[in-house]
Each structure stands twice: as C-alpha cells, then as structure tokens.
Amino acid sequence: AIKMLNLISDNIPDSIFLKDKHGVFRHCNKVFAENRNMTKEDIIGKTEKDINTPYDKIKKYEIEEKK
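Residues numbered from 1 in each chain as written. Predicted model: local features only at pLDDT ≥ 70, side-chain atom pairs only at ≥ 80, totals over all residues. Heavy atoms only, no water.

Novice: For the packing of aromatic side chains, give the residues involved together with the corresponding values.
Specialist: This model, assessed by the stated rule, comprises three aromatic pairs. Where Phe25 meets Phe32, the ring centres are 5.5 Å apart and the plane angle is 50 degrees; that geometry is what we call tilted. Take Phe25: its relative accessible area is 0%, and that puts it in the buried class. Aromatic ring contacts, followed pair by pair, group Phe17, Phe25 and Phe32 into a single cluster. Just above the ring of Phe32 sits the side chain of Arg36; from NZ or CZ to the centre is 3.7 Å. (Phe/Tyr/Trp six-rings, centres within 6.5 Å; stacked < 30°, edge-to-face > 60°. Buried < 20%, exposed > 50% of the residue type's maximum accessible area, 1.4 Å probe, protein only. Lys NZ or Arg CZ within 6 Å of the ring centre and 35° of its normal.)

Below is the structure:
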C-alpha cells in the first residue's frame with residue numbers, strides 16, 4: 001500500500017504531505033520535497049521546525065492545521 005501511495009503521489013504535479021497529530025511528517029511527495037530543496041528522506045519523520053521552516057510560516061501552518 002505504501003509503494004502504491006508513493007507511486008501515485010509522486011506523479012501528481014501538486015505538493016502533497018501528511019502529518020500526524022504531533023506535526024511530524026509521515027508522507028510527502030517528490031514535488032513537496034523539491035519545493036523545499038530537500039529529499040523526501042530529509043522530511044519524513046521530522047517537523048517543520050526540524051526542517052528549518054521559518055518561524056512565521058510555522059505559526060501560520062499551526063493555525064491552519066488546528067482548523
């Protein structure tokens with residue numbers, strides 16, 4: 001199932017990601033990683049803070065995610 005999810009999401013031209021309730025990235029597609037000049041392996045298992053997302057964006061994302 002995971003391989004199929006990766007295959008499908010990596011062939012979609014939009015950014016796709018999935019975080020758990022603690023804000024840890026559990027999945028992202030290639031486009032999402034490339035937009036951050038990173039690899040999927042650099043992102044999965046980490047939080048926005050871990051991947052050096054600017055503080056103001058982290059706060060914006062947290063508000064959006066609580067909705």
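Novice: Please give an account of the environment of Val31 that cites residues and values.
Specialist: Along the chain, the position of Val31 falls in helix α2 (residues 30-35). The class of Val31 is buried, set by a relative accessible area of 18%. Along the primary structure Val31 and Lys60 are separated by 29 residues, whereas in three dimensions their C-alpha atoms are 21 Å apart. For Val31, the residues in contact, after removing those within four places along its chain, are Ile12, Pro13, Asp14 and Ser15. (Helix = DSSP H or I, 4+ residues; strand = E, 2+ residues; numbered from the N terminus. Contact = heavy atoms within 4.5 Å.)

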